Amino acid sequence: MKPLETFEANMKELSSKVDEPINLINDQLEEFEKKRRAEKKKKIQEIYENSVGDMEEYLPLEKIYDTKWENATTTIKSIRGNIEAAVDSTKVAVTTISGMQSDAVEEALQLYKNTLDMAKAIAYINDYERQKAEIMKHEEERRRQEEERQRQAEIDRARAAERKAMRREEEIRKEAAPAVVAPTPAPAPLNPFL
């Protein structure tokens, strides 16, 4: 076993001598990769700042950031294209949502800001407007029924006043009409024969 143990010790020593430069190269590569990624992140930040304009409120870099952009194979041109496409899409969405004639535009813009989903924001406005229309319809129906009830009450009051006036008129006629006196019987003719 002794020759095997000696061989094993020699192999470990040789292996450590070979691993030393490999580890040094790996450390240098890792450091180089970290530096390259940091530079790429800085370039991505610059592209974003130059492209975002007034859409930063709706489109923070964190929401569109893709870690694939840090890869060495991803070109700056494709990164710029992705960021500009996201900014253009956001501009269209914000303009579309803002252009809708609704009281819910502010809430829809907030929803878009949180989700970056224009369809959800528009659906929110449509739901709001549908509910508003239903409420208005119910309110109009309630108002119409109230007006009808008031109109009917007015008609009933007018009829009651008319009946009261007719009774009073009848009473006045009765009071004003001379009492019909039963004709007094004419004295019986004197019977000449009597």
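Source: prediction; values computed, not measured. (Residues numbered from 1 in each chain as written. Predicted model: local features only at pLDDT ≥ 70, side-chain atom pairs only at ≥ 80, totals over all residues. Heavy atoms only, no water.)

## What to know about the environment of L116
Threshold: Secondary structure is summarised from DSSP: a helix means a run of H or I of at least four residues, a strand means a run of E of at least two, and numbering begins at the N terminus for each. Note on classification: 1.4 Å probe, protein chains only; a residue is buried when its accessible area is under 20% of the maximum for its type, exposed when over 50%, partly exposed between these limits.
Following the sequence through the fold, L116 ends up in the loop between α4 (105-115) and α5 (118-176). Taking relative accessible area as the criterion, L116 reaches 26% and is therefore assigned partly exposed. Residues L116 and V94, spaced 22 residues apart in sequence, show a C-alpha to C-alpha distance of 9.8 Å.

## Regarding the side chain of K113
Filter applied, for reference: Identification of polar contacts relies on pairs of N or O atoms within 3.5 Å, with a donor-acceptor requirement for protein atoms, meaning one able to donate a hydrogen and the other able to accept it, and with residues adjacent in sequence counted only if both atoms are side-chain atoms. By the convention used here, residues are in contact when the closest approach between their heavy atoms is within 4.5 Å.
Mapped onto the elements of the fold, K113 is located in helix α4. Side-chain polar atoms of K113 contact the side chain of E57, separated by 2.7 Å. Among residues more than four places away in sequence, those in contact with K113 are E57, Y58 and K63.

## Quick look at α4
Note the cut-off: The reported arc concerns the directions from the helix axis to the C-beta atoms and nothing else.
Among the residues of α4, those classed as buried are V105, A108, L109, Y112 and K113. The buried residues of α4 occupy one face: seen down the axis, they fall within an arc of 145°. In α4, those exposed residues whose orientation departs by more than 90 degrees from the buried face are E106 and N114. Looking at the buried positions of α4, the neighbouring elements they touch are α2 (61-64), α3 (76-98) and α5. At the exit of α4 stands L116, carrying a positive phi of roughly 55°.

## Concerning the pattern of salt bridges
Rules: By definition, a salt bridge exists where a carboxyl oxygen of Asp or Glu is found within 4 Å of a side-chain nitrogen of Lys or Arg.
Overall, the coordinates contain 20 salt bridges when judged by the stated rule. Of the charged contacts, one joins E46 and K43 as a salt bridge, the two residues approaching to 3.9 Å between their closest N and O atoms. You can see E46 and its partner K43 sitting in helix α1 (residues 2-52), three residues apart, about one turn around the helix. A residue is classified by how much of its surface remains accessible, and E46, at 35% relative accessible area, is partly exposed.

## Focus: the nonpolar core
Applicable threshold: In this description, a nonpolar core means a group of buried Ala, Val, Leu, Ile, Met, Phe, Trp, Tyr and Cys residues linked to one another through side-chain atoms lying within 4.5 Å.
The biggest cluster of nonpolar side chains holds 24 residues, and the ones touching the most others in it are I64, I83, I97 and Y112. When contributions to this core are tallied by element, the ones reaching two or more residues are α1, α2, α3, α4 and α5. Broken down by element, this core gets its largest block of residues, seven residues, from α3. If near-sequence neighbours (up to four positions away) are discounted, I97 is found in contact with V105, A108, L109, Y112, M118, A121, I122 and I125.

## Observations regarding the packing of aromatic side chains
Just so we agree on the cut-off: Centres within 6.5 Å are what make two rings of Phe, Tyr or Trp a pair, Trp counting through its six-membered ring; a difference in plane orientation under 30 degrees is then read as stacked, over 60 as edge-to-face, and the rest as tilted. Two limits define a charge over a ring: the Lys NZ or Arg CZ must be within 6 Å of the ring centre, and within 35 degrees of the ring normal.
In total, this model carries one aromatic pair according to the counting rule given. Ring centres of Y65 and W69 lie 5.6 Å apart, and the angle between their planes is 65°; this geometry places the pair in the edge-to-face category. Over the face of the ring belonging to Y58 we find K113, whose NZ or CZ atom lies 5.5 Å from the ring centre.

## Overview of a positive patch on the surface
So the rule is basically this: Patch building starts from residues that exceed 30% relative accessible area and form no salt bridge, then joins like charges within 9 Å and nonpolar side chains (Val, Leu, Ile, Met, Phe, Trp, Tyr) within 5 Å. Each accessible area is a Shrake-Rupley estimate made with a 1.4 Å probe; only the visible protein chains count as cover when residues are assessed. Counted as positive: Lys and Arg. Counted as negative: Asp and Glu. His and the chain ends are not counted at all. The location of each charge is read from NZ of Lys, CZ of Arg, CG of Asp or CD of Glu.
Residues R159, R163, K164, R167 and R168 make up a contiguous surface patch of positive charge. Within the secondary structure layout, R163 lies in helix α5.

## With respect to the packing of α4 against α5
Filter applied, for reference: Inter-axis angles, ranging from 0 to 180 degrees, are taken between N-to-C directions of lines fitted to C-alpha atoms, where helices are fitted over the stretch in contact. Note on angle classes: values under 35 degrees are labelled roughly parallel, values over 145 roughly antiparallel, values of 65 to 115 roughly perpendicular, and the remainder oblique. Should the near helix be turned counterclockwise from the far one by less than a right angle, the crossing is left-handed, whereas a clockwise turn marks it as right-handed. Under the scheme applied here, ten amino acids are nonpolar (Ala, Val, Leu, Ile, Met, Phe, Trp, Tyr, Cys and Pro), four are charged (Asp, Glu, Lys and Arg), and all others, including Gly, are polar.
Remark: α4 packs on α5, axes separated minimally by 8 Å, with the N-to-C direction vectors making an angle of 155°. Here α5 runs roughly antiparallel to α4, going by the angle between their axes. Here the hand of the crossing between α4 and α5 comes out right-handed. Only M118, K120, A121, Y124 and I125 of α5 make contact with α4, whose side of the interface consists of V105, E107, A108, L111 and Y112. Across the contact of α4 with α5, the residue classes tally to eight nonpolar, no polar and two charged.

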